[in-house]
Amino acid sequence: KHNAVYELHLFRENIQKHGSKYSQMEWEQAIEEYADICKRLDEMPLTDEERMEIDKVKGEIAGHATTIAAQDISDKIQTIANEIESFAEGFNKTFQLPTKRK
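Residues numbered from 1 in each chain as written. Predicted model: local features only at pLDDT ≥ 70, side-chain atom pairs only at ≥ 80, totals over all residues. Heavy atoms only, no water.

Trainee: Help me out: how do you make sense of the packing of aromatic side chains in this one?
Mentor: Geometry of an aromatic ring pair is reported as the spacing of the ring centres plus the angle between the planes. Enumeration over the complete set of coordinates arrives at 4 aromatic pairs. Here the aromatic rings of Y22 and W27 are separated by 5.2 Å at their centres, their planes lie at 65°, and the arrangement is edge-to-face. A relative accessible area of 22% means that Y22 is categorised as partly exposed. With a relative accessible area of 19%, W27 lands in the buried category. Seen in terms of ring centroids, F91 and F95 are 5.0 Å apart; in terms of plane orientation they differ by 10°. Their pairing is stacked. Take F91: its relative accessible area is 40%, and that puts it in the partly exposed class. On the basis of relative accessible area, F95 is assigned to the partly exposed category, the value being 45%. By way of ring pairs, the aromatic residues F87, F91 and F95 are connected into one cluster. (Phe/Tyr/Trp six-rings, centres within 6.5 Å; stacked < 30°, edge-to-face > 60°. Buried < 20%, exposed > 50% of the residue type's maximum accessible area, 1.4 Å probe, protein only.)

Given below as structure tokens:
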């Protein structure tokens, strides 16, 4: 019983400390690990108090993962915005409308 609870707490610490550096593959492995821990926890007879504590930790994990995902998306959007700005600058420097011929 306590092993899966300990693993959940350890998982939360790992996501909090290292999640921002995870690769896509590491996130996929983490999701599988989390699902395995949750499955084992769901199969355990727990008190309401224990369930509430576990749900709190699960919520913290979800919060950390969401924050990391949001930061990643924000970084990607900023990169795209910078690329568009550079493209527009280069385009505007060189593009000329054709002059009307008389």
